[in-house]
Amino acid sequence: MAYIKRKPKKQPLFDNKVIVKKKPNLKAKLDRIFSEYIRLRDANPQGYTVCISCGKIVPWKESDCGHFINRSHMATRFNEKNCNSQCRSCNRFDEGNNIGYMRGLIKKYGQAVIEELEILKHQHSHLSDFDYKVLIDLYTQKVKQLHEDKGI
Ligand SMILES: [Zn+2]
């Protein structure tokens, strides 16, 4: 009896039947809407914000959402007290002007806020895709409301 040696069937390197959908970058999307929320929250009805660090007055669209504890700490990245309107020169060119930021924070929320945020910063935080979507929806609503309330 003769055996026919069969060639092993070649396996495709990639399964073409599975279309890999590129995940939308939920973190970037939340960063954007959260930043808009913070700047609108801090804007007066004329649409101006006061820089938390240096007191400069700028139109809300030209202000930044500045983080007191930097964005690498996920536990405080989307914390409303940790984020405040800041002028671009403090946020981008003065390393956040942290001394001024601290003074501004204490004036706005009281001395305890510094310790509160420092403790929070070390906590582990992981947001699932679901969490991101919930937060994106929440802040989209809040932004819409602020636009209506302030007429800006
Ligand atoms: Zn400033």
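As the structure is a prediction and not an experimental result, all values here were calculated from the model. (Residues numbered from 1 in each chain as written. Predicted model: local features only at pLDDT ≥ 70, side-chain atom pairs only at ≥ 80, totals over all residues.)

K.L.:
Describe in detail the overall build of the chain, supporting the description with residues and values.
P.N.:
A tally of helices and strands in the chain yields six helices and four strands. Overall, the chain shows an N-to-C arrangement of helices and strands of α-β-β-β-α-β-α-α-α-α. A total of 152 residues make up the chain; the buried ones form 26% of that total. (Helix = DSSP H or I, 4+ residues; strand = E, 2+ residues; numbered from the N terminus. Buried ≥ 20, exposed ≤ 12 C-beta atoms within 10 Å, placed from the backbone.)

K.L.:
Describe the environment of Ser 125, and please don't skip the residues or the numbers.
P.N.:
Looking at where Ser 125 falls in the secondary structure, it is placed in the loop between helix 5 (112-121) and helix 6 (129-150). Residues Ser 125 and Ala 75 lie 50 residues apart in sequence; the distance between their C-alpha atoms is 5.1 Å. Not counting the four nearest positions on each side in its chain, Ser 125 is found in contact with Met 74 and Ala 75. (Contact = placed C-beta atoms within 7 Å.)

K.L.:
Give me the lowdown on the packing of helix 1 (residues 26-41) against helix 6, citing residues and values where you can.
P.N.:
Between helix 1 and helix 6, whose axes approach to 9 Å, the crossing angle comes to 25°. Comparing their axes, helix 6 and helix 1 come out roughly parallel. In this structure, helix 1 crosses over helix 6, and the sense of that crossing is left-handed. Every residue of helix 6 that contacts helix 1 at Leu 26, Lys 27, Lys 29, Leu 30, Ile 33, Phe 34, Glu 36, Tyr 37, Leu 40 and Arg 41 is listed here: Asp 129, Tyr 132, Lys 133, Leu 135, Ile 136, Tyr 139, Thr 140, Lys 142, Val 143, Leu 146, His 147 and Lys 150. Broken down by class, the residue content of the contact of helix 1 with helix 6 amounts to twelve nonpolar, two polar and eight charged. (Axes fitted to C-alpha atoms, helices over the stretch in contact; angles between N-to-C directions. Parallel < 35°, antiparallel > 145°, perpendicular 65-115°, else oblique. Left-handed = near helix turned anticlockwise from the far one by under 90°. Nonpolar A, V, L, I, M, F, W, Y, C, P; charged D, E, K, R; others polar.)

K.L.:
How would you sum up the environment of Val 50? Please name residues and give values.
P.N.:
Position of Val 50 relative to the elements: it lies in strand 1 (residues 48-50). Note on Val 50: 20 C-beta atoms within 10 Å, which makes it buried. C-alpha of Val 50 to C-alpha of Cys 87: the two residues are 37 residues apart in sequence and 7.8 Å apart in space.

K.L.:
Mind laying out the environment of Glu 116, listing which residues take part and the relevant values?
P.N.:
As for its position among the elements, Glu 116 is in helix 5. A tally of 16 C-beta atoms within 10 Å means that Glu 116 is categorised as partly exposed. Sequence separation between Glu 116 and Lys 81 is 35 residues; the distance between their C-alpha atoms is 9.7 Å.

K.L.:
Please give an account of helix 6 that cites residues and values.
P.N.:
With 22 residues, helix 6 ought to run about 32 Å at 1.5 Å a step, and its terminal C-alpha atoms sit 31 Å apart, in line with that. Phi turns positive one or two residues past the end of helix 6, at Gly 151, with a value near 65°. (Expected span 1.5 Å × (residues − 1).)

K.L.:
Let's hear about the pairing of strand 4 (residues 83-86): which residues, and what values?
P.N.:
Both faces of strand 4 are covered, namely the face carrying Cys 83 and Ser 85 and the face carrying Asn 84 and Gln 86. Two strands pair when backbone bridges link them, and strand 3 (residues 64-67) and strand 4 are joined in this way by four bridges, in the antiparallel orientation. Opposite Asp 64, over in strand 4, you have Gln 86 as the bridge partner. (Pairing = 2+ DSSP bridges.)

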